[in-house]
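# Chains, contacts and geometry: an overview
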Amino acid sequence: MADTVRAFSEIQASFLDYVRDIKYATMVTVDRQHRPRARVLLPVWEIVAGEPVGWLAAYRTPVKSAHLAENPHTTYAYWNPRQNAVFVDSVSTWAEDEATRLHAWELYKRGGPPGVGYDPVHYWRGGPGDPDYHVLRIDPWRIQLVRGSDLRSTLWRKQEPAVAVTSPAAEH
């Protein structure tokens, strides 16, 4: 059974500690026939308006592009030998604008969180304008933390705005 928290701030420190410790995540997408595909990558993270936002510098491969075009839902799984784990269920979309690509580039160089990142010029020699440099924005809707020492699990779900409910009588 998992403990559930309403505000991301309740797990923010643990989330960032686990990401800083583990660094690499397995990104999972699915194809048109609902078969999973996994690859190991290094996303960077920041907190925006109290919620996590991830960025993934990536080559825009035909397989990854086709999977995300069909279904942008992704999972990023972090794990270390102490059995600490983070599972980030999210929607991942290509960030096309120059300002966002530059923002992600700088976050990789600075570290997001500190200690997680690298200088992207090692992969994209042309800098943030390199035609092979692409960025995915990762918008989590569910994050699960698992503490390896006792397998205690904590779950956060993004709170969607409440849908206005009206009764048929109120409409007249």
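The following paragraphs examine the structure supplied in this document. (Residues numbered from 1 in each chain as written. Predicted model: local features only at pLDDT ≥ 70, side-chain atom pairs only at ≥ 80, totals over all residues. Heavy atoms only, no water.)

### Thoughts on the overall build of the protein
What counts here: Only DSSP runs of H or I with at least four residues qualify as helices, and only runs of E with at least two residues qualify as strands; both kinds are numbered from the N terminus onward. Each residue gets one of three labels from its accessible area relative to the maximum for its type: buried under 20%, exposed over 50%, partly exposed in between, using a 1.4 Å probe on protein chains only. Whether two residues are in contact is decided by their heavy atoms, any of which lying within 4.5 Å being enough. Every accessible area reported is derived by Shrake-Rupley at a probe size of 1.4 Å, with residue values counting cover from the shown protein chains alone. Charged-residue counts in this description rest on Lys and Arg as positive and Asp and Glu as negative, His and the chain ends being excluded. All charge positions are set by atom: Lys at NZ, Arg at CZ, Asp at CG, Glu at CD.
Along the backbone of the protein there are three helices and nine strands. Evaluated residue by residue, the protein yields a buried proportion of 42% over its 172 residues. In the protein, once contacts between residues fewer than 6 apart in sequence are set aside, the share between residues at least 24 apart is 68%. Carbon and sulfur atoms form 55% of the exposed surface of the protein, whose accessible area is close to 9,800 Å². In the protein, which carries 20 positive and 20 negative side-chain charges, the distance between the mean positions of the two groups comes to 5 Å.

### A look at the layout of surface pockets
Inclusion rule: Put plainly, a pocket is an open set of points on a 1 Å grid over the protein atoms alone with protein on both sides within 12 Å along at least five of seven lines, a cavity is a set where a 1.4 Å probe fits but cannot get out, and a lining residue has an atom within 4 Å of a point. Grid points are joined across faces, edges and corners, and a volume is the space filled by probe spheres set on the points.
Estimates place the volume of the largest pocket at around 200 Å³. Looking at the largest pocket, it is lined by 13 residues, and the ones nearest its centre are Leu41, Leu42, Ala57, Tyr118 and Tyr123. Mapped by element, the contributors of at least two residues to the lining of the largest pocket are β3 (36–41) and β5 (51–58). In terms of residue count, the dominant contributor to the lining of the largest pocket is β5 (three residues).

### Observations concerning the packing of aromatic side chains
Put simply, the rule is: Note on ring pairs: Phe, Tyr and Trp rings are taken, using the six-membered ring of Trp, and paired if centres are within 6.5 Å. Classes follow the plane angle, with under 30 degrees stacked, over 60 edge-to-face and the rest tilted.
Taken as a whole, this structure holds nine aromatic pairs when the rule is applied. Taking the centre distance of 5.6 Å and the plane angle of 75° together, the rings of phenylalanine 8 and phenylalanine 15 count as edge-to-face. You can call phenylalanine 8 buried: its relative accessible area is 2%. Residue phenylalanine 15 is classed as buried on the basis of its relative accessible area of 0%. An angle of 65° between the planes, with centres 5.3 Å apart, marks the rings of tryptophan 124 and tyrosine 133 as edge-to-face. Judged by relative accessible area, which is 2%, tryptophan 124 ranks as buried.

### Things to note about helix α1 (residues 12–22)
Definition in use: In this description, the arc belongs to the directions extending from the helix axis to the C-beta atoms.
When we look at burial in α1, the residues that qualify are Phe15, Leu16, Tyr18, Val19 and Ile22. Along α1, the residues classed as buried sweep out an arc of 160° about the axis, all on the same side. Where α1 terminates, the next one or two residues include lysine 23, which has phi positive at roughly 70°.

### Let's talk about the pattern of salt bridges
Note the cut-off: We count a salt bridge whenever a side-chain nitrogen from Lys or Arg sits within 4 Å of a carboxyl oxygen from Asp or Glu.
Summed over all chains, the structure comprises 10 salt bridges. Residue arginine 142 pairs with aspartate 89 through a salt bridge whose shortest N-O separation is 3.1 Å. Residue arginine 142 is found in strand β8 (residues 134–147), and its partner aspartate 89 is found in strand β7 (residues 85–95); the two are separated by 53 residues along the sequence. Its relative accessible area of 13% is what places aspartate 89 among the buried residues.

### Considerations on the environment of alanine 58
Along the chain, alanine 58 turns up in strand β5. Taking the relative accessible area as the measure of exposure, alanine 58 reaches 3% and is therefore buried. Between the alpha carbons of alanine 58 and threonine 29 there is a distance of 14 Å; along the sequence they are 29 residues apart. Leave out the neighbours within four places in its chain, and alanine 58 touches Lys64, Trp124, Asp132, Tyr133 and His134.

### Re the nonpolar core
So the rule is basically this: Side-chain atoms within 4.5 Å link the members of a nonpolar core, which is a set of buried Ala, Val, Leu, Ile, Met, Phe, Trp, Tyr and Cys residues.
Within the largest apolar cluster, 39 residues are counted, with the highest numbers of intra-cluster contacts made by Phe15, Trp55, Leu56, Tyr76, Val86 and Ile143. Elements that contribute at least two residues to this core include exactly α1, β2 (25–30), β4 (44–48), β5, β6 (73–79), β7, α3 (98–110) and β8. Apart from the residues lying within four places of it in its own chain, the contact partners of phenylalanine 15 are Phe8, Trp45, Pro52, Val86, Val88, Ile143 and Leu145.

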